[in-house]
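# Commentary on secondary and tertiary structure
The primary structure of each chain is shown beneath.
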Amino acid sequence: MSPDAAPATVLVFSQRAEVRTAVRTAVGNAPAPDVGPVTYLECATADEVVAAVDRGGVDLCVLDGEAQPTGGMGISRQLKHEIADCPQLVVLIARQADRWLAHWSMADATLAYPVDPLTAPEVVAGLLRDRAAQRPAVRR
């Protein structure tokens, strides 16, 4: 891991614990040498997600598009409309045909479920790089 790699907080939302575990396992604690370390914040309800993002400090959200009763696509759209400095958003989709819904939700990316351990770190690392590039440089 690069000494310049900034730590990141990744929120993982699903009402199902096994989905949250699958995301954490697939992405890992350092998705790329120039990104990380990653700390996870798990949420099981939409209210928990909104409260956590409102508090700040979340760099990326992985949202389960199949979650019930409120799915990740609806939460994604809500966050994009309500949060000025919205974190990067990834929606987990069960069917490739749902990509258009993820686009409607204004998500920055999608991941197929079950989560691919080769694709997921690459997608997350790319979005964390984008997020870091959007932030003003900190003077030391």
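Here's what I pulled together on the structure shown here. Just so you know, these numbers come straight off a predicted model, no measurement behind them.

The rules we used
Residues numbered from 1 in each chain as written. Predicted model: local features only at pLDDT ≥ 70, side-chain atom pairs only at ≥ 80, totals over all residues. Heavy atoms only, no water. Helix = DSSP H or I, 4+ residues; strand = E, 2+ residues; numbered from the N terminus. Contact = heavy atoms within 4.5 Å. Polar contact = N/O pair within 3.5 Å; in protein donor to acceptor, adjacent residues only side chain to side chain. Core = buried A, V, L, I, M, F, W, Y, C linked by side-chain atoms within 4.5 Å. Buried < 20%, exposed > 50% of the residue type's maximum accessible area, 1.4 Å probe, protein only. Pairing = 2+ DSSP bridges. Axes fitted to C-alpha atoms, helices over the stretch in contact; angles between N-to-C directions.

This next bit is on the environment of Gln 15. With respect to the helices and strands, Gln 15 occurs in the loop between strand S1 (8–13) and helix H1 (17–27). C-alpha of Gln 15 to C-alpha of Gly 57: the two residues are 42 residues apart in sequence and 22 Å apart in space. Setting aside anything within four residues of it in sequence, one finds Gln 15 in contact with Arg 20, Ala 44, Asp 64, Ala 67 and Gln 68. A polar side-chain atom of Gln 15 sits 3.1 Å from the main-chain amide nitrogen of Gln 68.

Next up on the list: the nonpolar core. If you look at soluble globular proteins, the nonpolar side chains tend to sit buried side by side. By size, the foremost hydrophobic cluster in this structure holds 24 residues, and its most contacted members are Val 10, Val 23, Leu 60, Val 62, Val 90, Leu 92 and Leu 128. With 6 residues, the top contributor of residues to this core is helix H5 (residues 119–134). Those residues within four positions of Leu 128 in sequence are excluded, and the remaining contacts are Ala 8, Val 35, Val 38, Asp 59 and Leu 60. In this structure, Cys 43, Ala 52, Val 53 and Leu 79 belong to the second largest nonpolar core, which totals 17 residues.

Time to look at the sheet that holds strand S3 (residues 60–64). Ordered by their spatial adjacency, 5 strands build an open sheet running S2-S1-S3-S4-S5, and the pairing between neighbours is parallel. Edge positions in the sheet fall to strand S2 (38–43) and strand S5 (109–112), since each has one partner strand and no second. Strand-to-strand twist of the sheet, defined as the mean angle between neighbouring strand axes without regard to direction, takes the value 25 degrees. Pairing of strand S4 (residues 88–93) with S5, which is carried by 4 bridges, proceeds in the parallel orientation. Looking at the pairing, Ile 93 lines up with Ala 112 of S5. Here helix H3 (residues 72–82) sits on the sheet in contact with S1, S3 and S4, set at roughly 165 degrees to S4.

Spatial relationships are all this shows, so hold off on functional conclusions.
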